[in-house]
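# Structural characterization, general
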Amino acid sequence: MHKMLFMLAVVLAASWVFVSDAHAHKKPPKWNAEVKIEEGHNDNVRSAANGPKKTGTEFTTADIRYERKAPHRGLTPDQFWTRLRGRVYTQFSTRDFIELRSGASYDLGGSNDLLLQFGYVPRRLRLEENVRTNNAFATEYDLNAGVQTRFGPRKQGRARLLAKESYDAFRSGFSERSAQTTAVAGDFRYQFFPSLGAKIGAEYGQRAANSEDFDRKEWRYKVSLRKKFLSGTTFDVRASYRDGSYTVNTPFNSTGKRNKNFGRRDTTWEYEAKLSMPLPFAKRARVSLRYQIGRASGRERV
């Protein structure tokens with residue numbers, strides 16, 4: 001049912017975009033909208049180490065974004081956006097998801113902005129069924145706040161710093177995994193030329209779970225390049241690295257039960273290339289092709 005509702009929302013948003021494009025010369029809309037449809041392939045959807053669990057699959061992503069920009073009055077932000085995004089996998093349909101994200105920015109003067117962001121994912125697969133467990137799903141909540149500044153003679157650079165708070169609420173028999181994560185993230189973006197830009201970012205977070213066996217600290221790093229063409233087509237390449245260590249410091253808990261994550265460390269590399277093109281009959285609609293490659297260490301004991 002949720003997939004049908006999502007696809008209906010995509011159709012309605014796409015219709016609104018096409019109609020607004022047709023009448024844009026008469027009256028500029030207060031709201032801008034963009035619809036993206038993406039076909040992709042992930043060669044390691046489970047983020048598994050080399051072995052039988054390393055499996056690839058195709059996916060389709062639909063992304064709707066509404067945005068409003070206007071000088072703020074009182075508590076009204078200068079920019080407000082909301083985004084609905086969903087993904088359907090050709091295989092492993094339990095990994096399908098829908099997410100809702102919204103954000104606002106307030107001009108602080110001097111090319112500085114205050115940022116507020118919220119995210120909600122009603123159902124995401126977090127633990128795949130195996131011989132010992134059933135599928136474990138979680139509801140995810142995110143709240144971020146931070147600042148950004150733009151610099152350079154043409155404001156071609158941007159630096160951003162965010163404080164992030166999230167909560168994962170696991171369902172049906174997996175409540176020990178429910179956790180609150182506190183993180184700090186920063187990124188730096190620079191437009192070297194009108195047609196070429198780069199972005200680099202890092203994040204550090206600590207997770208406190210209902211069971212100490214799932215407490216964890218993690219570093220994430222990302223770097224990306226974007227090439228723009230005169231037609232409006234963009235080509236992006238991105239590399240990311242994740243290094244997470246479980247912080248439970250004893251092999252057994254107070255009841256004598258073994259802590260399965262004692263000494264565990266997970267590392268993952270991911271590489272991605274994406275080609276995105278605007279549709280000629282609707283300037284605010286885009287189609288994309290994405291290819292993802294994942295490399296994971298599995299479970300290392302340190």
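Quick note: structure is the one above.
Anyway, here's the lowdown on the structure attached to this text. (Residues numbered from 1 in each chain as written. Predicted model: local features only at pLDDT ≥ 70, side-chain atom pairs only at ≥ 80, totals over all residues. Heavy atoms only, no water.)

For the rest of this paragraph, the subject is the overall build of the protein chain. The helix and strand inventory of the protein chain stands at one helix and 14 strands. Taking all 302 residues of the protein chain together, the buried fraction comes to 38%. Nonlocal contacts in the protein chain, meaning residues at least 24 apart in sequence, comprise 52% of its contacts between residues at least 6 apart. For the protein chain, the exposed surface amounts to about 17700 Å²; the carbon and sulfur share of it is 59%. (Helix = DSSP H or I, 4+ residues; strand = E, 2+ residues; numbered from the N terminus. Buried < 20%, exposed > 50% of the residue type's maximum accessible area, 1.4 Å probe, protein only. Contact = heavy atoms within 4.5 Å. Areas by Shrake-Rupley, 256 points an atom, 1.4 Å probe, with all protein chains shown as cover.)

A grouping of Leu 108, Leu 114, Leu 116, Val 147, Leu 161 and Val 184 is seen on the molecular surface, where their side chains present a nonpolar patch of about 480 Å² in accessible area. Mapped onto the elements of the fold, Leu 114 is located in strand β5 (residues 112-127). Its relative accessible area of 31% is what places Leu 114 among the partly exposed residues. (Patch = residues over 30% accessible without salt bridge, like charges linked within 9 Å, V, L, I, M, F, W, Y side chains within 5 Å. Salt bridge = Lys/Arg side-chain N within 4 Å of Asp/Glu carboxyl O.)

As a further point, take the pairing of strand β7 (residues 157-170). For strand β6 (residues 136-151) and β7, the ladder comprises 14 bridges, and the chain directions are antiparallel. The partner of Thr 149 across the bridge, within β7, is Ala 159. Where β6 folds back onto β7 in an antiparallel hairpin, the turn is made up of five residues, including Gly 152, whose phi is positive at roughly 100°. Of the pairings in the sheet, the one linking β7 to strand β8 (residues 179-193) comprises 12 bridges and is antiparallel in character. Following the sheet pairing, Leu 162 is matched in β8 by Ala 185. (Pairing = 2+ DSSP bridges.)

Attention shifts here to the packing of aromatic side chains. Per the stated rule, a full pass over the model turns up 11 aromatic pairs. Ring plane angle 15° and centroid distance 6.4 Å describe the contact between Tyr 221 and Tyr 241, whose orientation is recorded as stacked. Remark: Tyr 241 occurs in strand β11 (residues 234-246) and Tyr 221 occurs in strand β10 (residues 216-228); sequence separation between them is 20 residues. With relative accessibility at 37%, the residue Tyr 221 sits in the partly exposed group. Above the plane of the ring of Phe 137 lies Arg 123, whose end atom (NZ or CZ) is 3.7 Å from the centre. Across the ring face of Phe 97, the terminal group of Arg 124 is positioned such that the distance to the ring centre comes to 4.7 Å. (Phe/Tyr/Trp six-rings, centres within 6.5 Å; stacked < 30°, edge-to-face > 60°. Lys NZ or Arg CZ within 6 Å of the ring centre and 35° of its normal.)

The pairing of β5 with β6 spans 13 bridges and is classified as antiparallel. Its bridge partner being in β6, Leu 115 is matched across the sheet by Gly 146.

In this section: unusual backbone geometry. The phi torsion at Ser 111 lies on the positive side, around 65°, for a residue other than glycine. The buried category is assigned to Ser 111, whose relative accessible area is 17%.

By the element assignment, Ala 183 lies in strand β8. Along the chain, Ala 183 and Tyr 204 lie 21 residues apart, while their C-alpha atoms are 5.5 Å from each other. In this structure Ala 183 touches Leu 162, Ala 163, Lys 164, Glu 203, Tyr 204 and Gly 205, once residues within four positions along its chain are discounted.

As a further point, take a positive patch on the surface. Taken together, Arg 189, Lys 199, Lys 222 and Lys 228 make up a surface patch of like positive charges. Inspection of the secondary structure puts Lys 199 in strand β9 (residues 196-209). (Lys, Arg positive; Asp, Glu negative; His and termini not counted. Charge placed at Lys NZ, Arg CZ, Asp CG, Glu CD.)

Just distances and angles here, no functional claims.
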